[in-house]
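# Inside the fold
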Amino acid sequence: MKKLVLFAVVVLSVFLTGCEKVKELTRFDIPITKTITIPAAPAIPFPVELSTDSIETGYVAKLNEYHVAENLVDKITLKSFIMTIDAPATADFTFLKSIKIYISAKGLDKKLVASKTDISDTTGNSLTLNVEAYDYKSYIFSGKIKLYVEIVTDKATLVDYTITATPLFTVDANFLGL
């Protein structure tokens, strides 16, 4: 009897571990990259909003690449959001006090996706934002999104800053009921 129980436990754990491994195979990322320019300005102690042009999400090509039909996508989450200064070359994010990034799409409300407050004076030229846990499927499936950047600065910038915004969305597809 003990051997039967042990066998059942082993089989069950292999099955559960295997399902999780298969579930990992049903997830893939959609990286989006957009350049944002923050114009030279004095320190601004109140929020200032900048927006991007429309950004193609490229979701159709990614779904085709993974042979996934739209109706099999369970949810799309934001895995990470990284901001990197491209120019000036020696610049860093210490001019920022806080930053909030919002997303919008046609027919959908503007929604906070990532933020960082109390940005340190020792921050370098790359900034990892805290992401919001939402399902972004309707935004990504709209085909085009727009990002809004809300900043508060505590130092003046003498030149324009060119920044690459890189949100990384994760698609969770539903194969075989997993």
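Conventions used here
Just so you know, the residues in each chain are numbered from 1, in the order the chain's sequence is written. In keeping with the predicted nature of the model, local features appear solely for residues at pLDDT of at least 70, side-chain atom pairs appear and are counted solely at 80 or more, and the whole-chain, interface and lining totals rest on all residues. Side-chain figures throughout are based on the complete set of non-hydrogen atoms in the structure, without hydrogens or water. Classification of ring pairs rests on two measures: the distance between centres of Phe, Tyr or Trp rings, Trp counted by its six-membered ring, which must be within 6.5 Å, and the angle between planes, read as stacked under 30 degrees, edge-to-face over 60 and tilted in between. Helix and strand assignments come from DSSP, with helices taken as H or I runs of at least 4 residues and strands as E runs of at least 2, each series counted from the N terminus. Each residue is assigned to one of three classes by its accessible area relative to the maximum for its type, calculated with a 1.4 Å probe on protein chains only: buried under 20%, partly exposed between the two thresholds, exposed over 50%. Buried Ala, Val, Leu, Ile, Met, Phe, Trp, Tyr and Cys residues form a nonpolar core when they are joined through side-chain atoms within 4.5 Å. It only takes one pair of heavy atoms within 4.5 Å for two residues to be counted as in contact.

### A short note on the packing of aromatic side chains
Under the defined criterion, the tally for this structure stands at seven aromatic pairs. Judged by centre distance (4.1 Å) and plane angle (10°), the rings of phenylalanine 28 and tyrosine 66 are stacked. A residue pair is termed long-range when its members are at least 10 positions apart, and phenylalanine 28 in strand β1 (residues 27–31) and tyrosine 66 in the loop between α2 (59–65) and β5 (73–87) qualify at 38 residues. For phenylalanine 28, a relative accessible area of 4% gives the class buried. Among the residues examined, tyrosine 66 registers a relative accessible area of 37% and is labelled partly exposed. Aromatic pair tyrosine 136 and phenylalanine 169: ring centres 5.6 Å apart, planes at 75°, arrangement edge-to-face. Remark: phenylalanine 169 occurs in strand β11 (residues 161–173) and tyrosine 136 occurs in the loop between β9 (130–131) and α3 (137–141); sequence separation between them is 33 residues. A residue is classified by how much of its surface remains accessible, and phenylalanine 169, at 2% relative accessible area, is buried. Every member of this aromatic cluster is reached through a ring pair, and the members are Tyr134, Tyr136, Tyr139 and Phe169.

### Side note on the nonpolar core
With 43 residues, the main nonpolar core has Phe81, Met83, Ile99, Ile101 and Phe169 as its most contacted residues. With near-sequence residues (within four places) excluded, methionine 83 lies in contact with Ile36, Phe93, Ile99, Ile101, Asn125, Ser126, Leu127, Leu129, Ile163, Thr164 and Ala165.

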